[in-house]
Every structure is written in structure tokens, then in C-alpha cells.
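Per-entry structural report
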Amino acid sequence: MILASNSPRRKELLAGLGLPFEVRVLKGVDESFPADLPVSEVARYIAEKKADAYQQTMGNDELVITADTVVIVGNEILGKPVDEADAIRMLRLLSGKTHQVTTGVCLLTTAQKHAFDVTTDVTFKVLNDEEIHYYVTHYKPFDKAGAYGIQEWIGYIGVTCLHGSYYNVMGLPVQRIYNELLQLNLIKK
């Protein structure tokens, strides 16, 4: 089993399933998507695109897991912030609202490609500027979609409601992955 991600959160979450895996990351994988693609389909599209990049490099007995997480507010996708000002802008946009976190996952073997996505609704209280600046300054969430990690300080003080998988918001819907691996006979119980 190969996790095709450099994310420390994804590594931690997949390790929690107790299944042996290694991390393998290809450089320069294109993560673009068509501008007219509905925002709800973007994460799955990118996860499949990442998997396609691994097809030529995998062995017959390997399973590659790719994933992509997006934060959606209204009809806008919030990716990783480019700088501090962008992170502040994103958190202000999420403040006092419910948004969706969608993670697309692709399970790839030489015999099959299976993709799915999981969406979680997350509601933030109204965040004041002092809270936003504190979080951005101390936690530097520049590697996180939507400029936040639910498992960090901002999640402790800001998230008022969660409908769906907490682990999905962290970046990997491990419960769903486990069930899909069982159903596809890629692991045994």
C-alpha cells in the first residue's frame, strides 16, 4: 500500500488504521482542473488526476492511495493560502458561516481505479480579527486548504458544529477508505 501524499496529517490518519504502507510522492503532478467543473467535483477530479500520474510507476502488487481536500464556501474553492494576507482573507470568509470540506480519494491498482469523495459540513462561530491574527501568526496554516486545521487552536475555539467525518476535515476520510478497501477485497478484516 502506497500513500501518495507528503501530508503529515494523512500519514498519521492512515497509520491509525494499522495497515502497513509506505509514502511515495511524485514531483510536479498537475493539480489543475477545468474552470467549468462544479466545485463539488473538484477534489475527486484532482485525486483521480494524481492517481493517473502513478499508473506508469506502480508494480503489479501495489495499491496507490491519492487524495485531495478542498474547502468550499458558497461556490468558491479555498485552496492553500499563498501568504498571511490570503490566510486572513480566507478565515474572515469562513467566519460565522457553514462551509463544506470535501476530500476526493482514489484507490488505484493495476487492475482497477476506484474514486469517491466525502463531504463534511463545518460551522465556525464569528471569529474576531484578534483570533484570526493570533491563529495565522502562531500556527502558520499555509499548507492547509481554507487556511485552517480543525485539529489546531482555531478548531478548538472556532468550530461550533460539525456534520460528517472529523477525519475528513483533517484530510483523509479513513473510515470510508477502510470500508472501500474491504468492499474491493484489497484488505482482509
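Data block above holds the structure.
Residues numbered from 1 in each chain as written. Predicted model: local features only at pLDDT ≥ 70, side-chain atom pairs only at ≥ 80, totals over all residues. Heavy atoms only, no water.

What follows is about helix α7 (residues 174-183). Those residues of α7 that sit buried are V174, I177, E180 and L181. Angularly, the buried residues of α7 cover 120° about the axis, an arc narrow enough to put them on a single face. More than 90 degrees from the buried face of α7, the exposed residues found are Q175 and Q183. Tucked into the core, α7 has its buried residues touching α1 (8-15), β5 (98-108), β6 (113-124) and α6 (166-170). (Buried < 20%, exposed > 50% of the residue type's maximum accessible area, 1.4 Å probe, protein only. Helix = DSSP H or I, 4+ residues; strand = E, 2+ residues; numbered from the N terminus. Arc of directions from axis to C-beta. Contact = heavy atoms within 4.5 Å.)

As a further point, take a nonpolar patch on the surface. A surface patch of nonpolar side chains, about 250 Å² in accessible area, is lined by L162, Y166 and Y167. Relative to the elements of secondary structure, Y167 occurs in helix α6. When its relative accessible area of 42% is taken as the criterion, Y167 is described as partly exposed. (Patch = residues over 30% accessible without salt bridge, like charges linked within 9 Å, V, L, I, M, F, W, Y side chains within 5 Å. Areas by Shrake-Rupley, 256 points an atom, 1.4 Å probe, with all protein chains shown as cover. Salt bridge = Lys/Arg side-chain N within 4 Å of Asp/Glu carboxyl O.)

This part takes up the packing of aromatic side chains. A complete count under the given rule lists four aromatic pairs for this structure. Considering the side-chain rings of Y166 and Y167, the 5.6 Å spacing of their centres and the 80° angle between planes classify their relative orientation as edge-to-face. Judged by relative accessible area, which is 31%, Y166 ranks as partly exposed. (Phe/Tyr/Trp six-rings, centres within 6.5 Å; stacked < 30°, edge-to-face > 60°.)

In total, this model carries 16 salt bridges according to the counting rule given. For the salt bridge of K113 with D52, the shortest nitrogen-to-oxygen distance reads 2.8 Å. Here the residue K113 occupies a position in strand β6, and D52 occupies one in helix α2 (residues 42-54), the gap between them amounting to 61 residues. The closest approach of N and O atoms between R89 and D86, which form a salt bridge, is 3.0 Å. Linking R89 with D86, this pair stays in helix α3 (residues 84-94), spanning three residues, or about one helical turn. The class of R89 is partly exposed, set by a relative accessible area of 38%.

Among the nonpolar cores identified, the biggest contains 38 residues, and L91, L94 and Y148 are the most heavily contacted of them. Those elements that place two or more of their residues in this core are α1, β3 (64-73), α3, β5, β6, α4 (129-139), α6 and α7. Counting residues per element, this core draws most heavily on α3, at five residues. Residues within four places of L94 in sequence aside, it is in contact with V71, V73, L78, H99, F124, G146 and Y148. Core analysis: the second largest hydrophobic core is formed by ten residues, I2, A4, V64 and C106 among them. (Core = buried A, V, L, I, M, F, W, Y, C linked by side-chain atoms within 4.5 Å.)

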